[in-house]
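# A look at the structure
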Amino acid sequence: MTKEQFLGTWRLISWEIRDSDGNVSYPYGQDAAGLLIYAPDGYMSGTLTKPNRPHFAGGDIFGGTLEEQALATQTYLAYCSRYEIKEKSVLHYVEFSLFPNWVGMVQERFFEFKDGQLSLSTPPMVGQGKQQIAYLIWKRV
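Description of the structure in this document. Just so it is clear, the model here is predicted, and its values are computed rather than measured.

With that settled, the discussion passes to the overall build of the protein chain. Assigned secondary structure in the protein chain consists of 2 helices and 10 strands. Starting at the N terminus and walking to the C terminus, you meet the elements of the protein chain as α-β-β-β-β-α-β-β-β-β-β-β. Computed over its C-alpha atoms, the radius of gyration of the protein chain comes to 16 Å, within 12% of the 14 Å expected for a compact globule of 141 residues. Once the C-alpha set of the protein chain is aligned to its principal axes, its extents read approximately 50 × 40 × 30 Å. Going through the 141 residues of the protein chain one by one, you find that 33% of them count as buried. Pairs at least 24 residues apart make up 48% of the contacts formed inside the protein chain by residues separated by at least 6 positions. Roughly 8,800 Å² of accessible area belongs to the protein chain as shown, and the carbon and sulfur atoms make up 56% of that amount. Taken as two groups, the 13 positive and 15 negative side-chain charges of the protein chain have centres that lie 5 Å from each other.

Moving on, we get to the pattern of salt bridges. In total, this model carries 5 salt bridges according to the counting rule given. Between arginine 18 and glutamate 16 there is a salt bridge whose closest N-O contact spans 2.7 Å. By sharing partners, the salt bridges in this structure join Asp19, Asp21 and Lys130 into a single network.

Of all residues except glycine, most have a negative phi; of all peptide bonds, most are trans. Positive phi, normally seen in glycine, also occurs at asparagine 52, with a value near 55°. Among the structural elements, asparagine 52 can be located in the loop between strand 4 (43–49) and helix 2 (66–74).

Moving on to a nonpolar patch on the surface. On the surface, Leu35, Ile37 and Val141 cluster together into a nonpolar patch covering about 240 Å² of accessible area. Its location among the elements puts valine 141 in the segment after strand 10 (130–140). Judged by its relative accessible area of 63%, valine 141 falls in the exposed class.

The full count for this structure, using the stated rule, is 9 aromatic pairs. Taking 5.2 Å as the distance between ring centres and 70° as the angle between the ring planes, the aromatic pair formed by phenylalanine 6 and tyrosine 38 counts as edge-to-face. With a gap of 32 residues between them, phenylalanine 6 in helix 1 (residues 3–6) and tyrosine 38 in strand 3 (residues 33–38) connect regions that are remote in the sequence. By relative accessible area, which is 1% here, tyrosine 38 ends up buried. Taken together, the ring pairs connect Phe6, Trp10, Tyr38, Tyr83, Phe111 and Phe113 into an aromatic cluster. Its end group placed over the ring of tryptophan 102, arginine 109 keeps NZ or CZ at 5.8 Å from the ring centre.

Reading the values: the criteria
Residues numbered from 1 in each chain as written. Predicted model: local features only at pLDDT ≥ 70, side-chain atom pairs only at ≥ 80, totals over all residues. Heavy atoms only, no water. Helix = DSSP H or I, 4+ residues; strand = E, 2+ residues; numbered from the N terminus. Rg over C-alpha atoms; globule rule 2.2 N^0.38 Å. Buried < 20%, exposed > 50% of the residue type's maximum accessible area, 1.4 Å probe, protein only. Contact = heavy atoms within 4.5 Å. Areas by Shrake-Rupley, 256 points an atom, 1.4 Å probe, with all protein chains shown as cover. Lys, Arg positive; Asp, Glu negative; His and termini not counted. Charge placed at Lys NZ, Arg CZ, Asp CG, Glu CD. Salt bridge = Lys/Arg side-chain N within 4 Å of Asp/Glu carboxyl O. Patch = residues over 30% accessible without salt bridge, like charges linked within 9 Å, V, L, I, M, F, W, Y side chains within 5 Å. Phe/Tyr/Trp six-rings, centres within 6.5 Å; stacked < 30°, edge-to-face > 60°. Lys NZ or Arg CZ within 6 Å of the ring centre and 35° of its normal.

So this is what it looks like as structure tokens:
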């Protein structure tokens, strides 16, 4: 695998999570959106969002009610990091993340390139009390 295959901007096509019981869920809906950017300098940035998120009533970027802030956090995920490509996975060395538990951690994603798309999946992880794997498909912008 070469770094050149990853380079550029990718738009989310689909994101689903499969749990250990075989159930499939769509955390931000079947129309979730996102961008994934791999830069030649070895850094990446990724965002996932639920479409049509409600605006804060007051319009203050540092304000909002606790409910508005909670909903904004629950419907958006972002992190950026250095990255390293291995034989079958890409490692993201997280420097900044909306989910603070990921800062300083390594997020491994297994990859496959097929038909002009990049498929990424996570190792099994615990979510909502069950083992689950996330599957994301991206198309180059």
